[in-house]
Amino acid sequence: MRVSHELNPPRGAATEQGDSRPVAVHTRRGPVECAFLGEGPAVLALHGAMGGYDQALLLARTAGVPGFRYIAPSRPGYLGTPLSLGRTPVEQADMYRDLLNALGIERVAVMAVSGGGPSALQFALSHPDRCWGLVIISSVCTRIAERPPLGWYIMKLAARCGPLVAAMRRKAERDPERATRNSIRDPVVRQRTLREPEAGPLLLELQRSTFDRLPLRIQGTENDIALTHSELSFPLERISSPLLVMHGTSDRAAPFAQAQLLASRVPGAELLPLEGGEHVGIFTHRDEVRARVSRFLGAHAPVVATTAS
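Rules and cut-offs
Residues numbered from 1 in each chain as written. Predicted model: local features only at pLDDT ≥ 70, side-chain atom pairs only at ≥ 80, totals over all residues. Heavy atoms only, no water. Helix = DSSP H or I, 4+ residues; strand = E, 2+ residues; numbered from the N terminus. Rg over C-alpha atoms; globule rule 2.2 N^0.38 Å. Buried < 20%, exposed > 50% of the residue type's maximum accessible area, 1.4 Å probe, protein only. Contact = heavy atoms within 4.5 Å. Areas by Shrake-Rupley, 256 points an atom, 1.4 Å probe, with all protein chains shown as cover. Lys, Arg positive; Asp, Glu negative; His and termini not counted. Charge placed at Lys NZ, Arg CZ, Asp CG, Glu CD. Salt bridge = Lys/Arg side-chain N within 4 Å of Asp/Glu carboxyl O. Pairing = 2+ DSSP bridges. Right-handed = clockwise from strand over helix to strand, strands pointing away. pLDDT = per-residue confidence, 0-100. Arc of directions from axis to C-beta. Patch = residues over 30% accessible without salt bridge, like charges linked within 9 Å, V, L, I, M, F, W, Y side chains within 5 Å.

A. Summary view of the overall build of the chain. On a plain count of helices and strands, the chain comes out with twelve helices and nine strands. Against the globule reference of 19 Å for 309 residues, the chain gives a C-alpha radius of gyration of 18 Å, in line with a compact fold. Expressed along its principal axes, the backbone C-alpha trace of the chain runs to roughly 55 × 45 × 45 Å. Looking at the chain residue by residue over its 309 residues, the buried ones come to 55%. In the chain, of all internal contacts separated by at least 6 residues, the share reaching a separation of at least 24 is 73%. Working note: accessible area of the chain is about 13,900 Å², and carbon and sulfur atoms make up 53% of it. For the chain, the separation between the mean place of its 36 positive charges and that of its 30 negative charges on side chains is 4 Å.

So, in structure tokens, the structure goes:
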């Protein structure tokens, strides 16, 4: 494996749970920006729109559980991974395979949120021998007709002006309750989540990360939006990997019907509805999510051979 340690992490990237500094992993397609967390069977964590390796790590820290090695790449078009490495789900799935080859990892589970879902489904279809489990959170499996929210267009325009982005970040940090109103409409749930000692800081970290190097998150987001508004079509009945689908029943960005369709078409799939949950259901329903992820990964993780002393 060849890696470069010359990438610059965002401020405050290191956490008490491990060193989250990104490296450039050199694959046959080109450099893939990637960070790592934990030890154990490998889990590939795939972020959504406006993301990057930092938000893939947040996914691992929020929905993931100890006892696993999380591989958190920036998907194509985000931060340090060029969009040319994979525009379509098929190309991105092949990039994940090449990343695993470069890292010397044979098999992984894939945990994907939102815009990371389509390429995760394709990975299970294109490379079933490399995928021992699949966790799809708040994502889609077919085309969505709804236009992107107004906030996306505002962020896209703001990305052209550094001082404006900095001002928006300061405003969000001064008033977290107001900053999260669009994400969590129910004021009781919003306050409860922000007061949670772990879920609250993780949610705020997600919001702050979006403003960090915002221009480097736009190209990948545009590509994700184009994909989810195109005629997505997966032969879902052919997915053989164990599948867990988790989705908020009140998700406006990715309707809950998407999760129901996915779970109904994949043989043996499990569906966990997050009652009343929105697109940030992994924060508002974190305990429920982690309990189910722990059982699922624990049930399907490959047995690691040990050498008798």
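B. Examining the pattern of salt bridges more closely. On inspection of all chains with the given rule, the structure shows 21 salt bridges. One salt bridge in this structure joins E177 and R181, with 3.1 Å as the shortest N-O distance. Across the salt bridge formed by R185 and E278, the nearest N and O atoms sit 3.1 Å from each other. Residue R185 is found in the loop between α6 (176-179) and α7 (187-195), and its partner E278 is found in the loop between β9 (270-274) and α11 (281-284); the two are separated by 93 residues along the sequence.

C. Structural detail: the environment of P201. Position of P201 relative to the elements: it lies in helix α8 (residues 199-211). Here the alpha-carbon distance between P201 and I71, two residues 130 residues apart in the chain, equals 22 Å.

D. Expanded view of the environment of G51. Within the secondary structure, G51 is located in the loop between β4 (42-46) and α1 (53-63). The class of G51 is buried, set by a relative accessible area of 0%. Each C-alpha atom, one on G51 and one on G220, is 8.4 Å from the other, the two residues being 169 residues apart in sequence. G51 has contacts with Y78, L79 and R217, leaving out every residue within four places of it along the chain.

E. Layout of the pairing of strand β6 (residues 108-113). With six of six residues buried, β6 is to be regarded as a mostly interior element. Of the two faces of β6, both are covered, the one formed by V108, V110 and A112 as well as the one formed by A109, M111 and V113. Two elements, β4 and β6, share four bridges in a ladder whose sense is parallel. Within β6, the position partnered with L46 by the bridge is A112. Handedness of the crossover is the feature at issue here: the chain leaves β6, passes through helix α3 (residues 117-126), returns alongside strand β7 (residues 131-137), and the resulting connection is right-handed.

F. Spatial organisation of the confidence of the model for the chain. Looking at the chain as a whole, its pLDDT mean stands at 92, while 92% of the residues score no less than 70. For residues 5-18, every residue scores under 50 in pLDDT, and the model assigns this stretch 20 contacts once sequence neighbours within four places are set aside.

G. Spotlight on helix α10 (residues 256-265). Regarding α10, the residues found buried are F256, Q258, A259, L262 and A263. Down the axis of α10, the buried set is contained in an arc of 150°. They therefore lie on one face. Contacts from the buried residues of α10 go to α3, β7, β8 (243-248) and β9.

H. Quick peek at a positive patch on the surface. A cluster of basic residues, R170, K171, R174 and R178, forms a positive patch on the protein surface. Per element, the largest residue contribution to the positive patch is three residues, and it comes from helix α5 (residues 162-174). When you line up the elements, R178 lands in helix α6.

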